[in-house]
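Here is how the chains run, residue by residue.
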Amino acid sequence: MEPTDPLLAARLAAGDDHALAEVFDHLAPTVYGAALRVLGEGAAAQDVVQDVFVELWSHPDRYDPKAGTLGTYLIVLARHRAVDLVRSELRRLARQERHYRLTPEGPGPTPSDAVTAADTADAVRAAVRLLPDDQRQVVELAYFQGLSYREVALATGIPEGTAKSRLRLALAKLESALDRQLLESP
Amino acid sequence: MTASLPAGLRERVMAATHQVRQAGQSVPEVSEDSPAEAFGHAADAFYQTLCSLTGDDWGLPVLRDLDVQGLVGHLIGVEDDVQRALAGDPGVASTDHVQSTQPAALRQAGRPTAGTREDWRHAADRTLAAVTGGDLDAVVALHGFPLRVRDLLVARTFELWTHENDIRTAAGLSLAAPAPSTLRPMTRLATALLPFGAVFTDLHEPVSVHLVLTGPGGGTWDVAVGDPSPEPAALGIVTDVVGFCRLFSNRIAPADLDVFVTGDPRLARSVLTAATALALD
């Protein structure tokens, strides 16, 4: 019997913590590197590594050795977790900016909020810059200025349906661009 | 792309994983039979196999000098001895497992096979009735082994499953495997008895065995065998849970078991041999 991926999966399912440590030592640097490529900063990438290995240990039966290697499975998990984090941070940042804009008398962001927001913006900015001009415009209007589809349509002089489809296309490309960054990792 | 891991990340991740699932627990989780349930399930499976036999099958040679009918007679004798042990009869405490039951085995010759089959079923049912509501932690002595009633029932589960497969092999039927819920108490007992098997095989070298039994009903155990020592040799053994139970029943040789070993292969062979040492015919 060789220490193959199917054997590792069976050992993980049997509660073999030594197998988990072996997998971590072998694959965690790759998982961490993949998360770093998407997120661009270490703390969030460490969270992704933790999420990935907690998922593997909690549900080892979700890994199907017939579908690919354990390394590929963990990298795909890391990609999804990292992209989810970016999306979540994008939404949070947009909500925060709208809130500050609507409450000009408020105290404004704390220094900690400002640092977090700046980090997140850095991480996402590169992906947004890859969008075509017309798509980047609707993303900025919808997410960062909080405009509705109708308002985006009016501001850009396009039909409302076109605004919706451009935004959907832009978000798909944004995700694809983030995925590509990961897939290009050696 | 790979990246150097930040200091402390490994420890943080390992701590987080063990908060959601303890080491040793298999997933998907399976329910675990009580000792009486395990014995009952093994008895039901054994009976179903007996019911599937043809008339000619009952005359097939199966174990030692016994044909199938004689083996079922041996098990009728075992149930009688178990019931005597449960009743506190010291007469069965140190008798030999085979010699004590041989008269019951020989009595079956020439009987209608249905009679043998039903006598065994009733004997197994009487054993179950005798333990129902009783103290499962009471220690009884049978055939040279003092065992708690709960462990005796699981040991009997092993015996019924093993002889069921002896008969199935003789009759050309495929091997049967216990349900995962029944395997759980079986593996729990087998791993607990492993150090005693080491004593029987004169394995004194201190070994810390990390035993991983894969498949539904399996799990992971750390077992100390050999003489006590602050620095035992570390040994990892990974094998299939049903295969390990067949080994424990002495129905497969250590060399024929598909295993993945980390550590000294010689020690691994010794430990696997120890696992076979407590099996009874």
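Let us look at the structure shown here. (Residues numbered from 1 in each chain as written. Chains lettered and ligands numbered in written order. Predicted model: local features only at pLDDT ≥ 70, side-chain atom pairs only at ≥ 80, totals over all residues.)

**Structural notes on helix H4 (residues 97–106) of chain B**
Residues and elements named next belong to chain B. Of the residues making up H4, those classed as buried are Ser 100, Thr 101, Ala 104 and Ala 105. End-on view of H4: buried residues confined to an arc of 140°, all on one side of the axis. Pointing more than 90 degrees away from the buried face of H4 are the exposed residues Gln 99 and Pro 103. Turning to H4, the residues buried within the fold contact strand E2 (66–67) and helix H3 (68–86). (Buried ≥ 20, exposed ≤ 12 C-beta atoms within 10 Å, placed from the backbone. Helix = DSSP H or I, 4+ residues; strand = E, 2+ residues; numbered from the N terminus. Arc of directions from axis to C-beta. Contact = placed C-beta atoms within 7 Å.)

**With respect to the interface of chain B and chain A**
Contacts between the two partners involve 32 residues from chain B and, on the opposite side, 33 residues from chain A. Among the elements of the structure, helix H1 (9–20), strand E5 (207–214), strand E6 (219–225), strand E7 (233–240) and strand E8 (259–262) of chain B are those that each provide at least two residues to the side of chain B that touches chain A. Of all the elements, H1 of chain B adds the most residues to the side of chain B that touches chain A, at seven residues. Residues belonging to the side of chain B that touches chain A are distributed by class as follows: 16 nonpolar, 12 polar and four charged. (Nonpolar A, V, L, I, M, F, W, Y, C, P; charged D, E, K, R; others polar.)

**Describing the nonpolar core**
Counting residues in hydrophobic clusters, the biggest one holds 112 residues, and the most contacted among them are Val 31, Ala 35, Val 49, Leu 74 and Ala 78 of chain A together with Val 271 of chain B. Counting residues per element, this core draws most heavily on helix H2 (residues 17–39) of chain A, which supplies 13 residues. Sequence-distant contacts of Leu 74 of chain A, that is, excluding residues within four places in its chain, are made with Leu 27, Val 31, Val 52 and Leu 56 of chain A. One finds Leu 131, Ala 142, Val 152 and Ala 163 of chain A within the second-largest nonpolar core, a separate group that totals nine residues. (Core = buried A, V, L, I, M, F, W, Y, C linked by C-beta atoms within 7 Å.)

**Observations regarding the pairing of E5 of chain B**
All names here are of chain B. Counting buried residues in E5 gives six out of eight residues, a clear majority hidden from the surface. If you look at the hairpin formed by E5 and E6, you'll find four residues sitting between the two strands, and Gly 215 has a positive phi there, around 100°. The sheet contact formed by E5 and E7 spans eight bridges and is parallel. Each bridged residue has a counterpart across the sheet, and for His 210 the counterpart in E7 is Gly 236. (Pairing = 2+ DSSP bridges.)

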